Amino acid sequence: MKNRKETLKPALFSLAFSAILLSLFACGPSNDSSALLSDSNADILNRSLASGYDSARNLKFAACIDPAKYVYSGSNSSILSYIRDYNYDQLLDEVSMGIFAKLNLFGLIKAKASGDITSEMATTDDSSAFLYKIDIVGKSAVLKNPTLNANGLSAYLRHDPLAFRKTCGDQYVEQVQLGAQMFLGVKYFFTSKEDKEKLKVQMKVSLFWGLIKFTKTWTKEEKSLLKNVRVNVDAYQVGGDPDKLEAIKKTLERTSCAGDDMVKCGEALDKLLDYAANVFPKQLNGMNISSQPNVGPAVIAITTVPYKNQPVYDKPNGTPVTINVDADTTVKGTFGDALNRLTRLRTLLNTELSRRKTLLQFKLSSTERVTVEVGVRDVQSLLDAVKSLFDRTCVPAKKDNGLMESCIAKVGELESKGSRTLAPIALPSRF
């Protein structure tokens, strides 16, 4: 099946979701930038706008640029799109998860949101996944005439790039973008790659393209073919109050079903659709940030710029200065790459763990069950090793150059183990 993303065409699902777009902007987007962010929410900007950032260590610093001088840019907009059969890397890029590590670092979004979407909804050789994605993009707060604050000026006047980097990082946050996202997905699990390909041949490919059809119009023959397929239904949100979505999930009777008995999953999907259309929009406060927690949009993107690429103002003298701090100053260039690879390995392991746990819900022989159970333990064991390395070595290495070599080397070792552990467990064909 060809990887594809579409803007939705008129259909049952998109008609249901039109309520989201209408309710969000029923009164029209606000043109008053001062209404977008009240003084009581200044802490949100203080956690992000103008903060320092070390791109190699993935480390946040207190602001060395004055965060008070900013303007708003852009306007509210929204788009509803359909993603089918995206692998991990494509999904990471498509749903903007590449920036989530930064957002989590700045305390703006929980890493679990990005981890769940990529690990639960990435397509693999033995699965297919389909996501409806709602993007609601708000205005951006952008620094105007970046000016060194007292902290930055003190570091700059030492005329020592290394000292400056230790205080301010090599980049700073130039702008933050407000918005919200909702993801509603279905994932089909097969016992093997071969069975996935066989089923695609025997059934209409379009069968797997929609989220609505699968409990209402399948024929008896189609249901027979699907008896050896498992289907998982899930939803995720960024912005508003994610705890409300989690509360809805707890009321669902079943979100994982056999392919030939998906009534309960259909009911779960209907409830999630109703939540997305009627509850989620009301949490966004017209895309204006509220003083109340979990109300309004989230920060969905952060843009950082290197100090050396953007002249900043030396306030006492009123003149622009260039701060030549390189990204690799005293920091191994491969360290940041190792951190990214470790994060990627963790997500790939979680994806495979999800698949193996789902396999245990199939009708298995005793030998097959033992094989899968051992496979689950192997993946979990390696996940534990990844967490230990991250917490005990790689995170401390951000502030301790002596640990960098150890982190880089051990990431490579875990990747080698991962390539073996991630080999799919292919069960005998059911067809």
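As the structure is a computational prediction, the values presented were derived from the model and not from experiment.

A tally of helices and strands in the chain yields 14 helices and 12 strands. The buried share of the chain, reckoned over its 431 residues, is 49%. In the chain, of all internal contacts separated by at least 6 residues, the share reaching a separation of at least 24 is 83%. Accessible surface computed for the chain: about 19600 Å², of which carbon and sulfur atoms make up 51%.

Further remarks concern the pairing of strand β7 (residues 171-189). Of all 19 residues in β7, 17 are buried, a share of seventy percent or more. Across 14 bridges, strand β6 (residues 127-143) lies against β7 in antiparallel orientation. Along β7, the bridge assignment pairs D135 with Q181.

A covalent bond between the sulfur atoms of two cysteines is what we call a disulfide. Going through the model one piece at a time under the given rule, you end up with three disulfides. Here C394 pairs with C407 through a disulfide, and the sulfurs are 2.1 Å apart. Taking the torsion about the sulfur-sulfur bond, which here is approximately 100°, the covalent link between C394 and C407 counts as right-handed. One end of the pair, C394, is in helix α13 (residues 366-397); the other, C407, is in helix α14 (residues 404-421), with 13 residues separating them in the sequence. By the burial criterion, C394 is buried, and C407 matches it. Along the chain, the cysteines that take part in disulfide bonds pair up as 1-2, 3-4, 5-6, counted in sequence order.

Before going further, it helps to examine the confidence of the model for the chain. Averaged over every residue, the pLDDT of the chain is 78; the share at 70 or more is 78%. No element of the chain has a lower mean pLDDT than strand β1 (residues 4-7), which averages 47, and none a higher one than α13, which averages 95. The low-confidence segment residues 6-13 (pLDDT under 50) makes 19 contacts with residues lying over four places distant or belonging to another chain. Within the model, pLDDT remains below 50 along residues 25-42, and this stretch shows 29 contacts once partners closer than five positions in the same chain are excluded.

Closest axis-to-axis distance for the α13/α14 pair is 10 Å, and the angle between their directions is 165°. Put simply, α13 runs roughly antiparallel to α14. You can see that α13 and α14 cross each other, and the crossing is left-handed. Where α13 abuts α14, its residues D378, V379, L382, A385, V386, L389, T393, C394 and A397 lie against M404, S406, C407, K410, V411, L414, K417, G418 and T421. A per-class count over the contact of α13 with α14 returns 11 nonpolar, four polar and three charged.

What follows deals with the nonpolar core. Among the nonpolar cores identified, the biggest contains 33 residues, and I136, Y188, V229, L272 and F280 are the most heavily contacted of them. Taken together, the elements giving at least two residues each to this core come down to β5 (77-84), β6, β7, β8 (230-238) and α11 (263-278). When residues in this core are grouped by element, the largest group, seven residues, is from α11.

Another point: the packing of helix α10 (residues 242-251) against α11. Two numbers describe how α10 lies on α11: the axes approach to 10 Å, and their chain directions differ by 160°. Relative to α11, the element α10 is oriented roughly antiparallel. In this structure, α10 crosses over α11, and the sense of that crossing is right-handed. Seen from α10, the contacting residues are K244, L245, I248 and T251; seen from α11, they are K271, L272 and Y275.

The next thing to look at is the packing of aromatic side chains. If you walk through the whole model with that rule in mind, you get five aromatic pairs. Centroid distance Y70 to Y72: 5.7 Å. Interplanar angle 85°. Geometry classified as edge-to-face. Using a relative accessible area of 19% as the deciding quantity, one classes Y72 as buried. Between Y172 and Y307, the ring centres sit 5.2 Å apart and the planes meet at 45°, which makes this aromatic pair tilted. Taken together, the residues span a long stretch of sequence, with Y172 in strand β7 and Y307 in the loop between β10 (298-306) and β11 (312-314) at a distance of 135 residues. Relative accessible area serves as the criterion here: at 0%, Y172 is assigned to the buried category. The rings of F164, Y172 and Y307 are connected pair by pair, giving a single aromatic cluster. Between the NZ or CZ atom of R346 and the centre of the ring of F390, over which it lies, the distance is 5.2 Å.

In this section: the pattern of salt bridges. Under the counting rule described, the total for this entry stands at 13 salt bridges. With its nearest N and O atoms 3.8 Å apart, the salt bridge here joins R165 to D170. Of the two residues examined, R165 and D170, each falls in the buried class. Residue K264 pairs with E253 through a salt bridge whose shortest N-O separation is 3.3 Å.

Bringing the environment of T319 into the picture now. Its location among the elements puts T319 in strand β12 (residues 319-321). The sequence separation of T319 and T147 amounts to 172 residues, and the corresponding C-alpha distance is 9.6 Å. The contact partners of T319, leaving out residues within four places of it in the chain, are V312, Y313 and D314.

Conventions used here
Residues numbered from 1 in each chain as written. Predicted model: local features only at pLDDT ≥ 70, side-chain atom pairs only at ≥ 80, totals over all residues. Heavy atoms only, no water. Helix = DSSP H or I, 4+ residues; strand = E, 2+ residues; numbered from the N terminus. Buried < 20%, exposed > 50% of the residue type's maximum accessible area, 1.4 Å probe, protein only. Contact = heavy atoms within 4.5 Å. Areas by Shrake-Rupley, 256 points an atom, 1.4 Å probe, with all protein chains shown as cover. Pairing = 2+ DSSP bridges. Disulfide = S-S within 2.5 Å. pLDDT = per-residue confidence, 0-100. Axes fitted to C-alpha atoms, helices over the stretch in contact; angles between N-to-C directions. Parallel < 35°, antiparallel > 145°, perpendicular 65-115°, else oblique. Left-handed = near helix turned anticlockwise from the far one by under 90°. Nonpolar A, V, L, I, M, F, W, Y, C, P; charged D, E, K, R; others polar. Core = buried A, V, L, I, M, F, W, Y, C linked by side-chain atoms within 4.5 Å. Phe/Tyr/Trp six-rings, centres within 6.5 Å; stacked < 30°, edge-to-face > 60°. Lys NZ or Arg CZ within 6 Å of the ring centre and 35° of its normal. Salt bridge = Lys/Arg side-chain N within 4 Å of Asp/Glu carboxyl O.

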